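The primary structure of each chain is shown beneath.
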Amino acid sequence: MTRDDTPDRPASLGDAVEMMRATLGRRARSRSERADLHVGDAEVSLTVRHPPGGCCGRGWTTARLRVAHPAAFTVDERPSWWSFEPPGDRDDVLGEAIAAARGHLGLLGVPRVWRAGARASSTAISRLAAEAASLAWARCDPTARATAIAFAPPARSYVYAGLLADARGHLARVVAAWPGLLALGAAHTHGHAEIMRLLLDGRSIRDVVDGTLGKLRDRPGARRMVREAPIDLDGSVLRDAIAGPAIDVNDLPVGPDARRTWYRWAATWRRVIEGRPQGSPIRFGGFVSRHALELEAIARAERTDAAALLSSLLARLDRTGAPVPDRASSPAREMARLRAWQETPGVAARHRRE
């Protein structure tokens, strides 16, 4: 969807409810040829019908957003999450439904009439999904919604549902002091519901942090990295940053933008080193940790990303056996050495072959 497709959000919850009642009724539905939108008192659902003979025998996909307590966001009854934004290129409940529908629109072997109307059907499904997002947004608790949307999209529905269940205010205090813990909880493959239950029960934050981190709790500065994480940092980035070898939390810069950059480079370093079966010098992580902001400026100037830049620097070390840069090394000098090496006759051609 383009920005122009963003649904208009009413000025207040009361205005939204009145608008919905005027257009769809208290309990109503809207439909296209291939999708139905259902609106209830506390729930909005979008059902997308696949063409006959769709793959895996599935004839429909239902994205359901229940925005009252107990909040739930599911695709075909499978737990999912909602970004609280118009549907786009993401894996939340509405994005999954649209992706499934569009995937089937292009299937070979479906009736010719369906293929001919694929563009119109896709547009109609996108419109209904945008309408579903707007209606669900309007029916949310406004205070919990305002708090939740400060987080990264994958954590928002997790935080929102928790706030609706926060009868004693325990979670509100976690949001204020340890937002990174909630980001980690949302990204937890298993146990995210248990993490939320412990927080709502008012358990010791230190104990919940340690339990959420698992083996990563033994990393130097792990708890501090959770506590200092910006509220909108993705939980997977935070976890990878904590796991980055030789990353030092004492290098953490001041200011949310600088901190987001630092966490992202620390996480990228962890992912790069994991993808190197021959292993890597661990102290290179200290170079990344100490100079993340300068490396970011270099990457922008070179029009490349963190992973590509780090991989190029490491490739030179692998091929030349040059000394490994560390915390005291200069990123500018390392880049000058990298450029000189890349310009050596035969190096570029060798890279292309590899």
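A quick note: this is a predicted structure, and the numbers were derived from the prediction, not measured.

A. Geometry of the overall build of the chain. A count of helices and strands for the chain gives 18 helices and six strands. Expressed as a percentage of the 354 residues in the chain, the buried residues total 48%. The contacts in the chain between residues at least 6 apart in sequence include a share of 59% that link residues at least 24 apart. Accessible surface computed for the chain: about 17,600 Å², of which carbon and sulfur atoms make up 51%.

B. Just the layout of surface pockets, in detail. The space that makes up the largest pocket amounts to roughly 650 Å³. In this structure, the largest pocket is lined by 29 residues; those nearest its centre are Ser80, Trp81, Ser157, Tyr158 and His192. When contributions to the lining of the largest pocket are tallied by element, the ones reaching two or more residues are strand E5 (72-75), helix H6 (153-164), helix H8 (179-187), helix H9 (192-200) and helix H12 (235-243). Residue contributions to the lining of the largest pocket peak at six residues, all from H6. Each residue belonging to the lining of the largest pocket can be placed in one class, and the counts come to 18 nonpolar, 10 polar and one charged.

C. Representation of the pairing of strand E2 (residues 35-39). Within E2, four of the five residues are buried, leaving the element largely enclosed by the surrounding structure. Remark: three residues form the turn of the hairpin made by E2 and strand E3 (residues 43-49), two consecutive strands paired antiparallel.

D. Summary view of the pattern of salt bridges. Inspection of the entire model under this criterion finds 23 salt bridges. Arg64 is the salt-bridge partner of Glu43, the closest N and O atoms lying 3.0 Å from each other. Of this pair, Glu43 sits in strand E3 while Arg64 sits in strand E4 (residues 60-66), and the two are 21 residues apart along the sequence. Among the salt bridges present, the one from Arg227 reaches Glu228, with a minimum N-O distance of 4.0 Å.

E. Quick peek at unusual backbone geometry. Cis geometry is found at the peptide bond from His69 to Pro70, where omega equals -5°. By secondary structure assignment, the location of Pro70 is in the loop between E4 and E5. Positioned with a positive phi, Asp76 is a non-glycine residue whose angle comes to about 50°. Despite not being glycine, Glu77 shows a phi value in the positive range, around 70°. Summarising the element assignment, Glu77 is placed in the loop between E5 and strand E6 (78-79).

F. Representation of the environment of Asp210. Along the polypeptide, Asp210 turns up in helix H10 (residues 205-213). For Asp210, a relative accessible area of 14% gives the class buried.

G. Region of the structure containing the packing of aromatic side chains. Scanning the model with the defined rule gives seven aromatic pairs in all. Connected via pairs of aromatic rings, a cluster forms that spans Phe73, Trp82, Phe84 and Tyr160. If you follow Arg145 out to its NZ or CZ, it ends over the ring of Trp137, 4.5 Å from the centre.

H. Structural view of the environment of Ala243. Position of Ala243 among the secondary structure elements: in helix H12. The residues touching Ala243, leaving out its near neighbours within four places in the chain, are Leu216, Arg219 and Arg270.

I. Representation of H8 in the model. Judged by how many residues are buried, H8 sits mostly within the fold: seven of nine residues are covered. The complete set of buried residues in H8 reads Pro179, Gly180, Leu181, Leu182, Ala183, Leu184 and Gly185. Looking at the buried residues of H8, the elements they touch are H6, helix H7 (170-177), H9, H10, helix H11 (222-227) and H12.

J. Representation of the pairing of E4 in the model. Pairing geometry for E3 and E4, over seven bridges, is antiparallel. Within E4, the residue paired with Val44 across the bridge is Leu65. Sheet topology note: the E4/E5 ladder contains four bridges and is antiparallel. Note that in E5 the partner of Leu65 across the bridge is Phe73.

K. Seen up close, the side chain of Ser45. Summarising the element assignment, Ser45 is placed in strand E3. With residues near it in sequence (within four places) discarded, Ser45 still touches Asp36, Leu37, His38, Thr62, Ala63 and Arg64.

L. Spotlight on the packing of H9 against H10. In contact at an axis separation of 10 Å, H9 and H10 are set at 175° when each is read in the N-to-C sense. Taken together, the axes of H9 and H10 are roughly antiparallel relative to one another. On the side of H9, the interface is formed by Ile195, Leu198 and Leu199, while H10 contributes Ile205, Val208 and Thr212. Taken together, the residues that form the contact of H9 with H10 break down as five nonpolar, one polar and no charged.

Thresholds applied
Residues numbered from 1 in each chain as written. Predicted model: local features only at pLDDT ≥ 70, side-chain atom pairs only at ≥ 80, totals over all residues. Heavy atoms only, no water. Helix = DSSP H or I, 4+ residues; strand = E, 2+ residues; numbered from the N terminus. Buried < 20%, exposed > 50% of the residue type's maximum accessible area, 1.4 Å probe, protein only. Contact = heavy atoms within 4.5 Å. Areas by Shrake-Rupley, 256 points an atom, 1.4 Å probe, with all protein chains shown as cover. 1 Å grid on protein atoms, 1.4 Å probe; cavity = no way out; pocket = protein on both sides within 12 Å on 5 of 7 lines; lining within 4 Å. Points joined across faces, edges and corners; volume = space filled by probe spheres on them. Nonpolar A, V, L, I, M, F, W, Y, C, P; charged D, E, K, R; others polar. Pairing = 2+ DSSP bridges. Salt bridge = Lys/Arg side-chain N within 4 Å of Asp/Glu carboxyl O. Phe/Tyr/Trp six-rings, centres within 6.5 Å; stacked < 30°, edge-to-face > 60°. Lys NZ or Arg CZ within 6 Å of the ring centre and 35° of its normal. Axes fitted to C-alpha atoms, helices over the stretch in contact; angles between N-to-C directions. Parallel < 35°, antiparallel > 145°, perpendicular 65-115°, else oblique.

Note that all results are geometric; they support no functional claim without further evidence.
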